[in-house]
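So the chains spell out like this:
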Amino acid sequence: MSAKKDLKTYKQKRDFAKTPEPKGVGKKKLLSKIPQFVIQKHDATRLHYDFRIEMNGVLKSWAIPKGPSLDPKDKRLAIETEDHPLEYGSFEGVIPEGEYGAGPVIVWDRGHFANIKIGKDGNKVESLEACYHKGHIRLWLEGQKIKGGYDLIRTGDSNHWLLVKEQDEEADPSRNPVVTEPQSVITGKTIEEMMEDGRDEE
Ligand code: MN
């Protein structure tokens, strides 16, 4: 599917005259050689963490109510949401009252990722798209807060997936950056400060 088609739902849900979110023009220059991921903290109806990974010119997206864990014992529910434009990866701000997803958004973590899913032949990496369609994605994340191997596994045919930390040198149950490192990696603002700033601008 083309990025244009993938972004139809994203565009239908939003009134760009009202929301400061990017329109998603799909600029080719934004396509990166090394794929990007972003985790946005979003205080909408319910607080959640939007995990987004670059695939085929869009950001495939999941809402994770509890955020990512560094403990391989944790299975974090990740609800797949609509594809977002690549530009969304640097979006921070306050989505106004009455708009879809109303509430403050910060970029909680971001960086590059590598697809580490090995195919059946034992050495070739399967394409990210094939992994997505099969419902089992394996990623190595290189963020500022979150690093290491993660599995994203679809449960049944629903939009419910699980995000699980793999057992590797970056696994660390003693660290919980969702609690200890709440700030934006771009501005250093907390989600509360972002909300306050949004109010001041009104
Ligand atoms: Mn969200």
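Notes on the structure follow. Keep in mind that this is a model prediction, so the values were computed, not measured.

Definitions and cut-offs
Residues numbered from 1 in each chain as written. Predicted model: local features only at pLDDT ≥ 70, side-chain atom pairs only at ≥ 80, totals over all residues. Heavy atoms only, no water. Buried < 20%, exposed > 50% of the residue type's maximum accessible area, 1.4 Å probe, protein only. Helix = DSSP H or I, 4+ residues; strand = E, 2+ residues; numbered from the N terminus. Pairing = 2+ DSSP bridges. Contact = heavy atoms within 4.5 Å. Donors = N, O, S within 2.8 Å, 3.2 Å for Na, K, Ca; no water. Phe/Tyr/Trp six-rings, centres within 6.5 Å; stacked < 30°, edge-to-face > 60°. Lys NZ or Arg CZ within 6 Å of the ring centre and 35° of its normal. Core = buried A, V, L, I, M, F, W, Y, C linked by side-chain atoms within 4.5 Å.

**Quick look at the pairing of strand β1 (residues 36–43)**
- Burial analysis of β1 places six of its eight residues in the buried class, which makes it a mostly covered element.
- Taken together, the seven bridges between β1 and strand β6 (residues 103–115) define a ladder with antiparallel strand orientation. Bridge pairing in β6 links Phe37 to Gly111.
- The pairing of β1 with strand β2 (residues 47–55) spans seven bridges and is antiparallel. Across the sheet, residue Val38 finds its bridge partner in β2, namely Arg52.
- Connecting β1 to the next strand, β2, in antiparallel fashion are three residues.

**Re the environment of Ile95**
- Relative to the assigned elements, Ile95 resides in strand β5 (residues 93–95).
- Given a relative accessible area of 2%, Ile95 falls into the buried group.
- Sequence spacing of Ile95 and Lys18 is 77 residues, and the spatial spacing of their C-alpha atoms is 8.4 Å.
- If we skip the residues at most four places from it in the chain, Ile95 touches Thr19, Pro20, Glu21, His42, Tyr88, Tyr100, Gly101, Ala102, Gly103 and Val105.

**Some points on the coordination of the manganese ion**
- Each protein donor to the manganese ion is listed here as His42 (ND1), His48 (NE2) and Asp50 (OD); together their distances run 2.1 to 2.3 Å.
- Donor residues binding the manganese ion come from one chain and are separated in sequence as H-x5-H-x1-D. Each member of the pair, His42 together with His48, is buried.

**Topic: the packing of aromatic side chains**
- Applying the stated criterion across every chain yields a total of eight aromatic pairs.
- Consider the rings of Tyr10 and Phe16, whose centres lie 6.0 Å apart with planes at 35 degrees: the pair is tilted.
- Residue class for Phe16 comes out partly exposed when judged on its relative accessible area of 21%.
- Aromatic pair Phe37 and Phe51: ring centres 6.2 Å apart, planes at 55 degrees, arrangement tilted. A residue pair is termed long-range when its members are at least 10 positions apart, and Phe37 in strand β1 and Phe51 in strand β2 qualify at 14 residues. One exposure class covers both Phe37 and Phe51, and it is buried.
- Members of the aromatic cluster, joined through ring pairs, are Phe37, Phe51, Trp62, Tyr132 and Trp161.
- Lying across the ring of Tyr132, Arg154 places its NZ or CZ 5.8 Å from the centre.
- The ring of Tyr150 carries the charged tip of Lys165 above its face, separated from the ring centre by 5.1 Å.

**Quick notes on the nonpolar core**
- In this structure, Phe51, Ile53, Trp62, Ile137, Leu139, Leu141 and Leu152 are the most contacted members of the largest nonpolar core, which totals 24 residues.
- Mapped onto this core, the elements with two or more residues apiece are β1, β2, β3 (58–64), β6, α3 (128–134), β7 (136–143), β8 (147–154) and β9 (160–165).
- By residue number, the principal contributor to this core is β2, which donates four residues.
- If we ignore the near neighbours within four places in the chain, the residues touching Phe51 are Phe37, Val38, Ile39, Lys60, Ser61, Trp62, Ile64, Leu139, Leu141, Leu152 and Leu163.
- Ranked by size, the runner-up nonpolar core spans nine residues in total, among them Val58, Leu59, Phe91 and Ile95.

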